[in-house]
Amino acid sequence: MNNNDIIVSDLRDFDIRQILDCGQIFRYIRNDDGSYTVYSGDKRCTVKQCADSAVIHSDDKEYFYEFFDLDRDYSVIKSRLENKPFMAEAVKYGSGIRILNSDPWEMIISFIISANNHIPRIKGIIERLCKGLGKDMGEYYAFPTPQAMASKDEAYYASIGAGYRAAYLAKTARAVADGEFNIDAVYGMDSASASRYLCTLMGVGPKVADCILLFGYHREDVFPVDTWIKKVYRDTLGGIDNNAVIRKRLIEIYGDLSGYAQQYLFFNKRDTD
């Protein structure tokens, strides 16, 4: 233990495996000793969880305290959600989930890469992206800046396996690096306006925009709809296949807790189905 360690002594609202496996982050590895190494921007931490506590070790304690959202009382969120439709089982199963406060730029690129993709391939593309364009931090590579990414063309992103998303990455990086798209401006917008603004980026549609807003800006009133959420909806409310209709209905049910509800429902369905 040292002064850079964060000790989570109450695990009722913290489970590192659930936090990392619920689809909100792609830059992490599970180590041989059962601990996890987690990367965000140009920083990293190691999380070791035992039966009664978790230790988060890093060189930037304040950053990772905010990153893991440790100021928020998730017991209150769960108590408000557990009596809402379809939530009791999901909240109980994913009781240790927390929504991370990830870097918005990293989330924009990560979720463009994630579209119509699967986890191992997403992680591989992002790893190659960091190794190729990220700052060498000694034992790992930082997530590349917009300027670093804008220095490469579509062919480069195709060469690291991005497929049809290569054009999206090249054009989005240029838009941000040149100031055509202002990442910080999103903070001052309501979620509907922010979603429309994010969708001006090539490769960002409504679902990806919702993921960026939830995981990069901690917007609690959005509800990303993917195949797992559609399965939840089909099993509980019927066979509608329209993402916009499903999203609207679920936001009506969960309101300002929609983002949290999405994570509990998604994790429960994907982990147990």
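No experiment lies behind these values; they were computed from the predicted model shown.

Asks: What is the right way to look at the nonpolar core in this model?
Replies: A general feature of soluble globular proteins is that nonpolar side chains tend to end up buried together. Within the largest apolar cluster, 69 residues are counted, with the highest numbers of intra-cluster contacts made by Leu81, Tyr157 and Phe181. Beyond its immediate chain neighbours, meaning those up to four positions away, Tyr157 contacts Leu129, Leu133, Met149, Ala150, Lys152, Ala162, Ala166, Leu169 and Ala170. Counting 20 residues, the second largest nonpolar core, distinct from the first, contains Val8, Phe14, Val38 and Phe68.

Asks: Looking at this model, I keep getting lost on the pattern of salt bridges. Mind explaining?
Replies: When their charged atoms lie close together, side chains carrying opposite charge are able to pair. Applying the stated criterion to the full structure yields 19 salt bridges. The partner of Glu220 in a salt bridge is Arg72, with the nearest N and O atoms 3.3 Å apart. Of this pair, Glu220 sits in the loop between helix H11 (206–216) and helix H12 (227–236) while Arg72 sits in the loop between helix H2 (61–67) and helix H3 (74–81), and the two are 148 residues apart along the sequence. Its salt-bridge partner being Asp210, residue Arg247 comes within 2.5 Å of it at the nearest N-O pair. Of this pair, Arg247 sits in helix H13 (residues 243–254) while Asp210 sits in helix H11, and the two are 37 residues apart along the sequence. For Asp210, a relative accessible area of 1% gives the class buried. A single salt-bridge network, built from bridges that share partners, covers Lys231, Arg234, Asp235, Lys269 and Asp273.

Asks: Honestly, the sheet that holds strand E5 (residues 54–58) in this entry has me stumped. Any pointers?
Replies: Within a sheet, neighbouring strands are paired by backbone hydrogen bonds and run either parallel or antiparallel to one another. One open sheet holds the five strands; their spatial order is E1-E5-E4-E3-E2, and the pairing between them is antiparallel. Sheet topology places strand E1 (5–8) and strand E2 (28–30) at the edges, where each strand pairs with a single neighbour. Taking the axes of each pair of neighbouring strands and ignoring which way they run, one obtains an average angle of 15° across the sheet. Relative to strand E4 (residues 43–49), strand E3 (residues 36–40) runs antiparallel, the two sharing five bridges. Note on E4: the bridge partner recorded for Thr37 is Thr46.

Asks: Looking at this structure, how should I read the side chain of Gln18?
Replies: Position of Gln18 relative to the elements: it lies in helix H1 (residues 16–20). The class of Gln18 is buried, set by a relative accessible area of 9%.

What counts and what doesn't
Residues numbered from 1 in each chain as written. Predicted model: local features only at pLDDT ≥ 70, side-chain atom pairs only at ≥ 80, totals over all residues. Heavy atoms only, no water. Core = buried A, V, L, I, M, F, W, Y, C linked by side-chain atoms within 4.5 Å. Buried < 20%, exposed > 50% of the residue type's maximum accessible area, 1.4 Å probe, protein only. Contact = heavy atoms within 4.5 Å. Salt bridge = Lys/Arg side-chain N within 4 Å of Asp/Glu carboxyl O. Helix = DSSP H or I, 4+ residues; strand = E, 2+ residues; numbered from the N terminus. Pairing = 2+ DSSP bridges. Axes fitted to C-alpha atoms, helices over the stretch in contact; angles between N-to-C directions.

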